[in-house]
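Each chain is listed here by its residues.
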Amino acid sequence: KGISLEKKIVNALRPLERLGETPIVFQSESLKSLAEFRRLAPRQHLTLLIAKNQRLNLDKIPRWIDILGLQKEHVLPFNQFLRIAGNPTEVVVEAHARGFKVHVWTLRDEWWFRPFYWNGPVGEYQLLQSLGVDGVFSDNPETALRAFQ
C-alpha cells in the first residue's frame with residue numbers, strides 16, 4: 001500500500017521546521033484526508049472544501065474542522081446569467097455560531113466570473129467581508145489586498 005499522501009506532505013514539511021511555528025492550512029474535500037492530517041499535525045488548521053453543487057449541512061460537519069472553504073454561491077446566490085438570485089444566505093453567521101471560520105472561493109477579476117451587481121472586483125471582496133467572511137481564495141491577490149486595506 002505504501003505511505004499515505006498526507007504523511008508524505010507532513011514529512012516533507014517537517015524538515016522545514018514549519019509545523020507548529022508557521023500556520024499551515026491543509027485543505028481537502030475529503031473528511032478522511034483531513035482526519036489523517038489532524039492525526040499527523042494536530043496543531044495545524046484544516047479546511048473542508050465544499051463546492052456549490054454539494055449540499056451544505058453544518059450539523060454534519062465535525063467540530064475538529066477549523067475552516068469551511070465554501071464556493072461563493074453558498075454565500076451569495078446568483079444564477080447562470082450572473083444575476084442576483086436572492087439575498088445573501090445565513091451560512092456565515094450559522095458557521096460562526098458553530099465555531100467555524102469561513103473562507104470563500106474562488107474570486108477572480110474577470111467580469112465573467114463575477115455577478116453583475118458588484119462594483120467591480122474590489123466590491124465583491126468588500127461585500128463578502130461585510131457578510132463576515134473570514135478569508136478568500138483569490139486568483140488575483142493584489143485585488144484582495146486592495147479590497148481589504
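Here we summarise the structure given alongside this text. Note on numbering: residues in each chain are counted from 1, in written sequence order. Note on the predicted model: pLDDT of at least 70 is required for a residue's local features to be given, and 80 or more for side-chain atom pairs to be given and counted; whole-chain, interface and lining totals, by contrast, use all residues. Excluded from the side-chain calculations are hydrogens and water; all other atoms, namely the structure's heavy atoms, are used.

It is worth spelling out the layout of surface pockets at this point. The method works on a 1 Å grid over the protein atoms by themselves. A cavity is a set of points holding a 1.4 Å probe that cannot get out, a pocket is an open set with protein on both sides within 12 Å along at least five of seven lines, and residues with an atom within 4 Å of a point line them. Grid points are joined across faces, edges and corners, and a volume is the space filled by probe spheres set on the points. By volume, the largest pocket amounts to about 150 Å³. Lining the largest pocket, in full, are Glu-29, Leu-31, Leu-48, Leu-49, Ile-50, Gln-54, Arg-55, Leu-56, Asn-57, Lys-60, Ile-61 and Pro-62. Looking at the lining of the largest pocket element by element, the count peaks at three residues for strand S2 (residues 45–50). Note on residue classes: Ala, Val, Leu, Ile, Met, Phe, Trp, Tyr, Cys and Pro are nonpolar, Asp, Glu, Lys and Arg are charged, and everything else, Gly too, is polar. Among the residues making up the lining of the largest pocket, the classes are represented as seven nonpolar, two polar and three charged. Put simply, DSSP H or I for four residues or longer makes a helix, DSSP E for two residues or longer makes a strand, and each gets a number counted from the N terminus.

Quick look at the side chain of Thr-47 now. Tracing the backbone through its elements, the reader meets Thr-47 in strand S2. Any two residues whose heavy atoms approach within 4.5 Å are treated as being in contact. Ignoring sequence-local partners within four residues, the contact set of Thr-47 consists of Val-25, Phe-26, Gln-27, Ser-28, Leu-34, Ile-67, Leu-68 and Gly-69.

In this analysis, strands are considered paired if DSSP registers two or more bridges between them. The strand order across the open sheet built from five strands is S1-S2-S3-S4-S5, with neighbouring strands paired in parallel fashion. Where the open sheet ends on each side, the last strands, each with one partner, are strand S1 (25–28) and strand S5 (135–138). The mean angle between the axes of side-by-side strands here comes to 25 degrees, regardless of whether they run parallel or antiparallel. An axis is simply a line fitted to the C-alpha atoms; with a helix, the fit covers only the stretch in contact. Between two such axes, the angle follows the N-to-C directions and lies from 0 to 180 degrees. Against the sheet, helix H2 (residues 31–40) makes contact with S1 and S2, and its axis sits at roughly 175 degrees relative to S2, the strand it touches most.

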